[in-house]
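Residue-level listing of the chains:
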Amino acid sequence: MKTALVFGATGFIGSHLLRDLLDSPDYSRVVAVARKPLAVSHPKLTVLIGDLASLPALKPQLVADEIFIALGTTRKHTPDEAEYYKIDHDYPLLAAKIARGNGARSAFLVTAVGANAGSGVFYLRTKGEVERDILLLDFEHTHIFRPSMILGERDEDRPRERLIIAIWGVLNPLLVGPADRYRGLAGNDIAHAIAKAARHQTEKARIYHWKEMAALLRT
């Protein structure tokens, strides 16, 4: 059985992913790195308290077969672009570098639809750059998930976001053909798709949009 290393376990997708990995018979151990203790306990789970600054000190404990990265912030919570870049690029990249150096064979990364290192849009450029730089680490398998609107109920009260999600629910059936990559998907379904991808690793690198994630959910 395998060991999984998870970053972003307190987030909307990451919290569902953590549960899927803990419930999977494929893993004997799941290590989650978080800024604070998790409200989850499980015989398989080890929680390490850390962040970007303290990550190098945790290096000896970051040993796993696979690393799952669902880190990210929002411009509302992190308006400063330099700090935003640290969270969305530098932290995932350092985590992946350490895991790769410790022998991890596979990386699973959540970014966003439209990610492009050459984009003129800061958000999309940042997501594209972290994809590019993690691919350069040359894992045996790298799986990149690019969701569009992430649907589902959050713990936080976000009235504006709830409105956008409601609108997206109406738009979803209209997004067909090449536009289907912009369809929304529930956070727990994205997590399920990631966990399923970990069971079927054949390609060196693969990018998943809505269609590919939806296909995984049907397997």
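Residues numbered from 1 in each chain as written. Predicted model: local features only at pLDDT ≥ 70, side-chain atom pairs only at ≥ 80, totals over all residues. Heavy atoms only, no water.

Comments concerning the overall build of the protein
No. 1: Across its full length, the protein carries seven helices and nine strands.
No. 2: Each of the 219 residues in the protein was classed as buried or not, and the buried ones make up 49%. (Helix = DSSP H or I, 4+ residues; strand = E, 2+ residues; numbered from the N terminus. Buried < 20%, exposed > 50% of the residue type's maximum accessible area, 1.4 Å probe, protein only.)

Digging into helix α1 (residues 12-23)
No. 1: With 12 residues, α1 ought to run about 16 Å at 1.5 Å a step, and its terminal C-alpha atoms sit 18 Å apart, in line with that.
No. 2: Every buried residue belonging to α1 is among Ile13, Gly14, Leu17, Leu18, Asp20, Leu21 and Leu22, and all of these are buried. (Expected span 1.5 Å × (residues − 1).)

Remarks on the packing of α1 against helix α6 (residues 187-197)
No. 1: Direction vectors running N to C along α1 and α6 enclose 45 degrees, while the axes themselves pass 8 Å from each other. In terms of orientation, α1 and α6 fall into the oblique class. Crossing angle aside, the handedness with which α1 passes α6 is right-handed. Facing Phe12, Ile13, His16, Leu17 and Asp20 of α1, the residues of α6 in contact are Gly187, Asn188, Ile190, Ala191, His192, Ile194 and Ala195.
No. 2: Considering only residue class, the contact of α1 with α6 consists of seven nonpolar, four polar and one charged. (Axes fitted to C-alpha atoms, helices over the stretch in contact; angles between N-to-C directions. Parallel < 35°, antiparallel > 145°, perpendicular 65-115°, else oblique. Left-handed = near helix turned anticlockwise from the far one by under 90°. Contact = heavy atoms within 4.5 Å. Nonpolar A, V, L, I, M, F, W, Y, C, P; charged D, E, K, R; others polar.)

Section: the layout of surface pockets
No. 1: In this model, the second largest pocket occupies a volume close to 170 Å³.
No. 2: Taken together, Asp20, Ser24, Pro25, Tyr27, His192, Ala195, Lys196, Arg199, His200 and Thr219 make up the full set of residues lining the second largest pocket.
No. 3: The leading source of residues in the lining of the second largest pocket is α6, at three residues.
No. 4: Here the residues of the lining of the second largest pocket sort into three nonpolar, four polar and three charged. (1 Å grid on protein atoms, 1.4 Å probe; cavity = no way out; pocket = protein on both sides within 12 Å on 5 of 7 lines; lining within 4 Å. Points joined across faces, edges and corners; volume = space filled by probe spheres on them.)

Here we look at the pattern of salt bridges
No. 1: Applying the stated rule across the entire model yields 10 salt bridges.
No. 2: Linking Glu131 and Arg146 is a salt bridge whose minimum nitrogen-to-oxygen distance equals 2.6 Å. On the criterion of sequence distance, the pair formed by Glu131 in helix α4 (residues 122-135) and Arg146 in the loop between β6 (141-145) and β7 (150-151) is long-range, its members being 15 residues apart.
No. 3: Given a relative accessible area of 5%, Glu131 falls into the buried group.
No. 4: On the basis of relative accessible area, Arg146 is assigned to the buried category, the value being 12%.
No. 5: Between Lys204 and Asp138 there is a salt bridge whose closest N-O contact spans 2.6 Å. One end of the pair, Lys204, is in the loop between α6 and β9 (205-208); the other, Asp138, is in the loop between α4 and β6, with 66 residues separating them in the sequence. (Salt bridge = Lys/Arg side-chain N within 4 Å of Asp/Glu carboxyl O.)

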